[in-house]
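# Overview (structure and organization)
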Amino acid sequence: MKPVPVNEQQALVSRLMSACGGAYSPETRRKYFISGPQWAAAYEGHALFHAPTRPSIGFEDVIRHYGELGIGYWCTHDTDVIPTEAIGKQQQADIVGRIKAELAANNVNCSMVTTETFHHAVWAAGPAAESPEVREYAKYRVRNTVDIGHELGASFAVYWPGSLGYFVQGAVEETETLRWYAQALNAACERDIEVAKRLGRPTLKHCLEAKPFEPQAEILLPTSDAMLAFIASGLLTHPEMVGLNPEYLHELMWGGAPRAALARALVNGKLFHFDINDGYRLKHDVDIGVGLVNPLDWLNVLVLLRSHGYNGPFNLDYKPPRTTSQFGVFEVSFPTAVDRFITLWEMAGEALTDSIIREATDALKAGGAFTGDPHDAAAIVEANKELLTLHELIAHRLVQILLGLHRGRVISLPVLG
Ligand code: 3MF
Ligand code: MG
Ligand code: MG
């Protein structure tokens, strides 16, 4: 192939993108509770060892692109859109007003707001630092985010306490730090009750998001399970207002099964919000687009969520790859992430109504026609002897659905050799 001059590269990407097919219309995409974070679209390709590769982009462009793509919801950290020094000032009110206008003009809703407690120097020792000033400031910031959330019409507030922890051992007393962190969440919930009452709006759903590593070396609340224990610890004044925002990759990173982590959140009634992406076990937070690494696991995750009637947001918390222009971010990365999600969601529906999976599952639950001694292990094994094969049959069937193999391999390739 001939080299492709730079002025023909966008056209090439667009032509191949449309040749891929399988795209949903913006109207179809809007039917799902899919949210796009400000920070995902505005990710500039930077990392600890990486300089940015893309220019910055403001909320106006991000919201406009989301609207055009059919991503019906938007979410943000306070400081993604408001400089730290403008928080709580007139400048904040001006920016929030402009965001509201931009959302309305593009038919996009704000689903969630979150407080950045990990980037600025004030969080060098985390949001529950020993210094009382830092802790008071943390309360001020989360209360302020609650105000912004109500102003923008959000229903969720998320908290990612990745800076709650330490690098060196012994200086931080863990129970004290957790107690202090709870005080910030309590301040947010109490403010929420007040504001919601004044505005006649429901209170927000406050969601904790765990990540096992980063940015602290040792994390005090590293998993969704740790957070469930924290919510039930008695430290929160309004535990009923607080639930989880699990992130798919964050559970995979520590070696957990994301589907099992979601199941534990579900049985606790705490699955409020869900960050969707993909990646690898026991690696750093690579934040790859949903379904690009583990599509089979994703199909199974969505079977679980569909069958339990999960109706919260699916938040595209991933990093569009470290490319050198913004073009592909909106031309390829976001639409394909959304469309893979929708396809997997549709397939999950197919799996749930599949007569083979249903009959196999029912048979496993019915067990063998056993009338013998209920304490006789060998007789129980004998009565169920052939049923366990159905586990593998179900797994095979799910892979068939995922790869379209239940329809046979309809594409024929030229015979080689
Ligand atoms: C970090 C994350 C965060 C959280 C966000 C929500 C920057 O790994 O996943 O994204 O999702 O802070 O509050
Ligand atoms: Mg992540
Ligand atoms: Mg996240």
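None of the values given here were measured: they were computed from a predicted structure.

Moving on, we come to the domain arrangement of the protein chain. Domain annotation for the protein chain reports domain 1 (25–353) and domain 2 (355–407). Computed from C-alpha atoms alone, the centre-to-centre distance between domain 1 and domain 2 is 39 Å. On the side of domain 2, 9 residues touch domain 1, which itself brings 10 residues to the contact. Our count for the domain 1 to domain 2 interface comes out at 1 salt bridge.

The immediate surroundings of ligand 1 are formed by 13 residues, with His-77, Thr-114, Glu-209, Glu-247 and Asp-317 found nearest. Trp-39 places a polar side-chain atom, nitrogen or oxygen, 3.4 Å from an oxygen atom of ligand 1. Taking Asp-285, its side chain carries an N or O atom lying 2.9 Å from an oxygen atom of ligand 1. Against a free-state accessible area of 340 Å², the protein chains account for coverage of 92% of ligand 1. Here the residues of the shell around ligand 1 are counted per class, giving 4 nonpolar, 3 polar and 6 charged.

With that out of the way, let us pick up the state of the cysteines. Per the counting criterion, the structure on display carries 0 disulfides. The cysteine Cys-110 is free of any disulfide, with Cys-75 supplying the nearest cysteine sulfur at 7.4 Å.

The strand order across the open sheet formed by 8 strands is 8-6-4-3-2-1-10-9, and the pairing between neighbours is parallel. One side of each edge strand has no neighbouring strand; the edge strands of this open sheet are strand 8 (242–244) and strand 9 (274–275). By the bridge criterion, 3 bridges tie strand 3 (residues 109–114) to strand 4 (residues 156–159) in an arrangement that is parallel. When the bridges of strand 4 are listed, Met-112 appears paired with Phe-156. Where helix 8 (residues 174–199) meets the sheet, it contacts strand 4, strand 6 (205–208) and strand 8, and its direction lies at approximately 160 degrees from that of strand 6.

Before going further, it helps to spend a moment on the pairing of strand 4. The two faces of strand 4 match: Phe-156 and Val-158 on one face and Ala-157 and Tyr-159 on the other face are all buried. The pairing of strand 4 with strand 6 spans 4 bridges and is parallel. Each bridged residue has a counterpart across the sheet, and for Phe-156 the counterpart in strand 6 is Lys-205.

This part takes up the coordination of the magnesium ion (ligand 3). Those donors, Glu-209 (OE), Glu-247 (OE), Asp-275 (OD) and Asp-317 (OD), are the protein atoms that reach the magnesium ion (ligand 3), and they lie 1.9 to 2.2 Å from it. Geometry at the magnesium ion (ligand 3) is octahedral, judged from its 6 donor atoms and the angles of 78 to 168 degrees they form at the metal. Donor residues for the magnesium ion (ligand 3) sit on one chain with the sequence pattern E-x37-E-x27-D-x41-D. Between the two metal centres, the magnesium ion (ligand 3) and the magnesium ion (ligand 2), the spacing is 4.8 Å, with Glu-247 acting as a shared donor. Of the two residues, Glu-247 is situated in the loop between strand 8 and helix 10 (248–253) and Asp-275 in strand 9; the sequence distance between them amounts to 28 residues. Of the two residues examined, Glu-247 and Asp-275, each falls in the buried class.

On to the coordination of the magnesium ion (ligand 2), then. Taken together, Glu-247 (OE), His-250 (NE2), Asp-285 (OD), Asp-285 (OD) and Asp-287 (OD) make up the full set of protein donors to the magnesium ion (ligand 2), lying 1.9 to 2.5 Å away. When the donors of the magnesium ion (ligand 2) are listed by position in the chain, the intervening gaps give E-x2-H-x34-D-x1-D. Using a relative accessible area of 4% as the deciding quantity, one classes Asp-287 as buried.

Reading guide: rules and limits
- Throughout this description, residue numbers start from 1 for each chain and increase along the sequence as written.
- Chain labels run from A onward and ligand labels from 1 onward, assigned in the order the entries are written.
- Where local features are concerned, this predicted model is filtered to residues with pLDDT of at least 70; where side-chain atom pairs are given and counted, the filter is 80 or more; whole-chain, interface and lining totals use all residues.
- Only heavy atoms go into the side-chain values, all of them from the structure, while hydrogens and water stay out.
- All the domain ranges listed were derived from an automatic or database domain assignment.
- Contacts between residues were defined by any pair of non-hydrogen atoms, one from each residue, lying within 4.5 Å.
- Put simply, a salt bridge is a Lys or Arg side-chain nitrogen that is within 4 Å of an Asp or Glu carboxyl oxygen.
- We call a residue near a molecule or strand as soon as one heavy atom of that residue lies within 4 Å of the molecule or strand.
- Think of a polar contact as two N or O atoms within 3.5 Å of one another; within protein, one of them needs to be a possible hydrogen donor and the other a possible acceptor, and neighboring residues in sequence only count if both atoms come from side chains.
- Areas reported as accessible are Shrake-Rupley estimates using a 1.4 Å probe. Residue values count occlusion only from the protein chains shown.
- Residues are grouped as follows: Ala, Val, Leu, Ile, Met, Phe, Trp, Tyr, Cys and Pro are nonpolar; Asp, Glu, Lys and Arg are charged; every other residue, Gly included, is polar.
- Disulfides are defined as cysteine sulfur pairs within 2.5 Å.
- Strands pair, by our definition, only if DSSP identifies at least two bridges between them.
- Going along the chain from the N terminus, every DSSP run of H or I of four or more residues is numbered as a helix, and every run of E of two or more is numbered as a strand.
- Every angle, taken between N-to-C directions, lies between 0 and 180 degrees, and every axis is a line fitted to C-alpha atoms, over only the stretch in contact when it is a helix.
- With a 1.4 Å probe rolled over the protein chains alone, any residue whose accessible area is under 20% of its type maximum counts as buried; one over 50% counts as exposed, and the rest are partly exposed.
- For Na, K and Ca the donor cut-off is 3.2 Å; for every other metal, N, O and S atoms count as donors within 2.8 Å. Water does not enter the count, which can leave sites looking incomplete.
- Any site counts as irregular unless it has four donors with all angles between 85 and 135 degrees, making it tetrahedral, or four or six donors with opposite ones more than 155 degrees apart and the rest between 65 and 115, making it square planar or octahedral.

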